[in-house]
Amino acid sequence: MATTPSRLSRQARREQLLDTAVAIVRAHGADGLTLVTLAEEAGVSRPIAYDHFATRPGLLLALYRRLDERHRAAITRALQDAAPSAGEIARVISVAYFACATAMPELGAVSAALRGNPEVEALQRELADSYTDLMAAALLPYSRLAPSALRLGCVGMLGAAEAIAAELNRDRATDDEAVTALTDAILGLLNTTAGR
């Protein structure tokens, strides 16, 4: 017998609600996601949705964090399986980044819906720092730069990756072109000697 929605643990219910939220954003955009539509689509009462997220910004923040965590987890897994060479690490970072960017377009939509929210700006800084640290740690063994210079370069690479992902999502570049452009940029950063 299948578990009914009312029998889910609190954590399982939250996961169900976030899964439903992703589906709503994918189908209707971030503007279509409210606590009321979430409750209706998930087949739960409104108080349950409000109990988990309290406000629409609270829901969007939780969804943004979840999508970002999935993005970083995918890159971490890919890096663990990568051959230990600068070219391979740069390629794996690029492939994983764009795979997530195209597989999770909801992240951009949710980010846009949260623009101007002071909580999301702090969260975005926190998550960007974490992502930058992950990237810098993976590239450090192959870099001629001092760690602080490499980290700053990774900030620039993530900005470039975002811009390239926007082109990719607008069909102005292919997956291969996007991966090649970012891989080449990362390799260029690794071959820089300034900041040593």
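What you are looking at is a predicted structure, and each value in this text was computed from that prediction instead of being measured.

## Some thoughts on the pattern of salt bridges
At step 1: Evaluation of the coordinates by the stated rule reveals 12 salt bridges.
At step 2: A salt bridge links Arg46 to Glu40; the nearest nitrogen and oxygen atoms lie 3.7 Å apart.
At step 3: Residue Arg46 is classed as partly exposed on the basis of its relative accessible area of 45%.
At step 4: Close ionic contact of Arg65 with Glu126 constitutes a salt bridge, the shortest N to O distance being 3.3 Å. Of this pair, Arg65 sits in helix 4 (residues 56–81) while Glu126 sits in helix 7 (residues 118–139), placing them 61 residues apart in sequence.
At step 5: Given the relative accessible area of 45%, Glu126 is considered partly exposed.

## Quick notes on the packing of aromatic side chains
At step 1: A complete count under the given rule lists 2 aromatic pairs for this structure.
At step 2: Here the aromatic rings of Tyr97 and Phe98 are separated by 5.4 Å at their centres, their planes lie at 85°, and the arrangement is edge-to-face.
At step 3: With a centroid separation of 6.2 Å and 75° between ring planes, the pair formed by Tyr97 and Tyr131 is classed as edge-to-face. Taken as a pair, Tyr97 in helix 5 (residues 86–103) and Tyr131 in helix 7 lie far apart in primary sequence, 34 residues in all.
At step 4: Given the relative accessible area of 10%, Tyr97 is considered buried.
At step 5: For Tyr131, a relative accessible area of 7% gives the class buried.

Reading the values: the criteria
Residues numbered from 1 in each chain as written. Predicted model: local features only at pLDDT ≥ 70, side-chain atom pairs only at ≥ 80, totals over all residues. Heavy atoms only, no water. Salt bridge = Lys/Arg side-chain N within 4 Å of Asp/Glu carboxyl O. Buried < 20%, exposed > 50% of the residue type's maximum accessible area, 1.4 Å probe, protein only. Helix = DSSP H or I, 4+ residues; strand = E, 2+ residues; numbered from the N terminus. Phe/Tyr/Trp six-rings, centres within 6.5 Å; stacked < 30°, edge-to-face > 60°.

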